[in-house]
Number of protein chains: 2
Amino acid sequence: MNSSKSNIKKQVSEPTLRRLPVYLYFLEKVREDGIINISAPTIGKNLKCDSTQVVKDLAVTGIKGKPRVGYNTYELIHALEDYLGFNRTNEAFLVGTGNLGSALMAYQENQSLGIKIIAAFDTNEKKIGTHVGNIHVLEYKKLFHLAERLNVKIGIITTPNEVAQDVAEDLMNCGVKAIWNFTATILDLPGKIIVQNTSLSTSVAVMLRRLNDSEKITN
Amino acid sequence: MNSSKSNIKKQVSEPTLRRLPVYLYFLEKVREDGIINISAPTIGKNLKCDSTQVVKDLAVTGIKGKPRVGYNTYELIHALEDYLGFNRTNEAFLVGTGNLGSALMAYQENQSLGIKIIAAFDTNEKKIGTHVGNIHVLEYKKLFHLAERLNVKIGIITTPNEVAQDVAEDLMNCGVKAIWNFTATILDLPGKIIVQNTSLSTSVAVMLRRLNDSEKITN
DNA sequence: ATTAATTAAAGAAATATTTCCTTAATAGCG
DNA sequence: CGCTATTAAGGAAATATTTCTTTAATTAAT
Ligand SMILES: NC(=O)c1ccc[n+]([C@@H]2O[C@H](COP(=O)([O-])OP(=O)(O)OC[C@H]3O[C@@H](n4cnc5c(N)ncnc54)[C@H](O)[C@@H]3O)[C@@H](O)[C@H]2O)c1
Ligand SMILES: NC(=O)c1ccc[n+]([C@@H]2O[C@H](COP(=O)([O-])OP(=O)(O)OC[C@H]3O[C@@H](n4cnc5c(N)ncnc54)[C@H](O)[C@@H]3O)[C@@H](O)[C@H]2O)c1
């Protein structure tokens, strides 16, 4: 409507994007129970959200539901996985194999996170040469050699906060386009690099504040 | 304006709440550099956000900035910590001492997460009796005994998805008011219980989708 | 002291997101 | 076979959030 150039699809909003994996996980459970079709109101009741919200959110996948029947579970799961990129092999490098880094490495051995960590890097000699499952911990310097050959687009940073900016720049120079940043450091990178900050402090902040609010209401 | 009852302060919005720890971390770095006063535009420039946004967000703490000077760093940090509850000892139980649970336990040994895990619980006999730092892993059954004595308000769930609902209900029955849920399970609990879902899938979803979007623009 | 520049605060406007409402489709039922 | 209840879709309204504007305060410079 406003811009003349075509194929500029409006970017899907973050709140919607954040809800999509929740639908996906719910639908997977539902499919296991052998349910073929499910309606938006049913999804909404289970996930405690508005049914119109559900309809609008799911519409981004392009899947159409049938009135009086709902959505085809199988079809919807596939469309969501496809839309979110969970069914592709999104290869990633992980830097910093400490507590959190190891947990992430161990995790993806069992369950799919939507991302496949193909190598991990650390500067600590005690870590280098070890492995978690099939993922080997390599010398940090090797990042540059490997990046040339493998065309890895995603970097995960689980180093101490102090070195995060340097690591991020290195990753970027190795061709990484998206960085999943678990440190508290605010990364200063060109806008074209996608930075996903996952700071646990934000979750704690919201939770503690709500807890505090609720205690005030009670008295 | 609409409700007659007083002292019903409007709940601070989630986006704002999520930004507050980011300011806090930034200000701590700034304080280390010996900076006494800092203005909203300066904060905005560093954190790449609008300065009015900064002013509005920080206003929730009640701290006033001085024109031409900005905010007092020290005062602001304290106010933020106080508002978010980070300076109180928010004692918590952790249930499920696997990869992620252990990482969280190890983490808070070094850095403050705003929460103090005082005990961890597991059903796996191999885990029971072990400890991470000062935090002991106890038999899950002991949760009920301990909860009576200690007046713990926060529970952290890092168990497999399948048992999360049961664990959540147990925690609730032990007097826990807020649950930090790392599993993909959508917990079905009374509204008075505060549930903070921290699913890594949501972060991955947003990141992968944005990456996909950016690749489309490039071609 | 006076002026100019910077800044927070408060309110207005714009934008984004959610909720509501209407419409059309359709499966199940009588 | 037609009716009814349910439902998705699309648009409108309401709400929430962010950005823009104006104002007043205050400090630093002259
Ligand atoms: N562990 C958690 O539960 C947790 C929770 C929230 C946030 N975090 C954040 O995640 C980050 C990591 O936390 P952690 O507990 O895993 O820390 P950690 O100290 O256990 O691990 C950091 C790892 O990074 C490595 N490293 C240091 N400098 C490096 C460099 N220049 N290049 C490559 N590797 C390097 C270290 O050798 C170490 O193995 C921190 O920013 C922390 O704030 C962790
Ligand atoms: N590890 C990660 O990086 C990661 C990332 C994202 C999400 N998660 C989620 O976090 C949860 C835990 O993941 P994980 O990798 O740590 O799993 P894990 O299997 O390593 O750990 C689970 C722990 O829970 C214990 N447990 C099982 N049943 C229990 C019960 N009824 N009561 C108490 N304890 C019980 C197990 O003995 C085990 O120690 C999962 O829901 C997972 O989806 C983990």
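The residue numbering used here restarts from 1 in each chain and proceeds along that chain's sequence as written. Working convention: letters from A go to chains and numbers from 1 go to ligands, in the order in which they are written. In keeping with the model being predicted, local features are shown solely for residues with a pLDDT of at least 70 and side-chain atom pairs are shown and tallied solely at 80 or more, while totals for entire chains, interfaces and linings include all residues. No hydrogens and no water enter the side-chain calculation; it runs on all heavy atoms of the structure.

Draft legend 1. Spotlight on the site of ligand 1. As a matter of local geometry, ligand 1 sits amid 23 residues, with L100, D122, K127 and N161 of chain A together with Y107 of chain B nearest to it. By convention in these notes, a residue is near a molecule or strand provided one of its non-hydrogen atoms lies within 4 Å of it. In this structure ligand 1 sits where residues from chains A and B come together. By the criterion applied in these results, polar contacts are pairs of N or O atoms within 3.5 Å in which, for protein atoms, one can donate a hydrogen and the other can accept it, and in which residues neighboring in sequence qualify only through two side-chain atoms. In this structure, N99 of chain A approaches ligand 1 through a main-chain N or O atom, which is 3.0 Å from an oxygen atom. At 2.8 Å from an oxygen atom of ligand 1 is found a side-chain nitrogen or oxygen belonging to Y107 of chain B. Strands here are runs of E lasting at least two residues and helices are runs of H or I lasting at least four, both read from the DSSP assignment and numbered beginning at the N terminus. Counting only elements with at least two residues in the shell around ligand 1, the list comes to α5 (99–110) of chain A together with α5 (99–110) of chain B.

Draft legend 2. Seen up close, the sheet that holds strand β4 (residues 116–122) of chain B. Residues and elements named next belong to chain B. Spatially, 7 strands are ordered β5-β6-β4-β3-β7-β8-β9 in an open sheet, and the strand pairing comes out mixed. A strand with exactly one partner marks an edge of an open sheet, and here the two such strands are β5 (131–132) and β9 (194–197). For two strands to be treated as a pair, DSSP must find at least two bridges joining them. Sheet topology note: the β5/strand β6 (residues 135–139) ladder contains 2 bridges and is antiparallel. Following the sheet pairing, H131 is matched in β6 by H136. Strands β3 (91–95), β7 (154–157) and β8 (178–181) of the sheet are contacted by helix α7 (residues 164–173), whose axis makes an angle of about 165° with β7. When checking whether two residues touch, look at their non-hydrogen atoms; a contact exists if any pair is within 4.5 Å. Note on geometry: axes are C-alpha line fits, over the in-contact stretch for helices, and angles between N-to-C directions span 0 to 180 degrees.

Draft legend 3. Examining the interface of chain B and chain A more closely. Opposite the 61 residues of chain B that make contact, chain A presents 61 residues. Buried area: the accessible surface (1.4 Å probe) lost by two parts on joining, summed over both. Of the roughly 5,300 Å² buried between chain B and chain A, counting both surfaces, carbon and sulfur atoms make up 67%. Salt bridges are defined by distance alone: a side-chain nitrogen of Lys or Arg within 4 Å of a carboxyl oxygen of Asp or Glu. One can count 2 salt bridges joining chain B with chain A. Close ionic contact of D188 of chain B with K48 of chain A constitutes a salt bridge, the shortest N to O distance being 3.0 Å. Linking chain B to chain A there are 10 residue pairs in polar contact (both at pLDDT 80 or more). Secondary structure elements with two or more residues in the side of chain B that touches chain A: α1 (14–32), α2 (40–47), α4 (73–84), α5, β8, β9 and α8 (200–218) of chain B. Tallying contributions element by element places α8 of chain B first for the side of chain B that touches chain A, with 16 residues.

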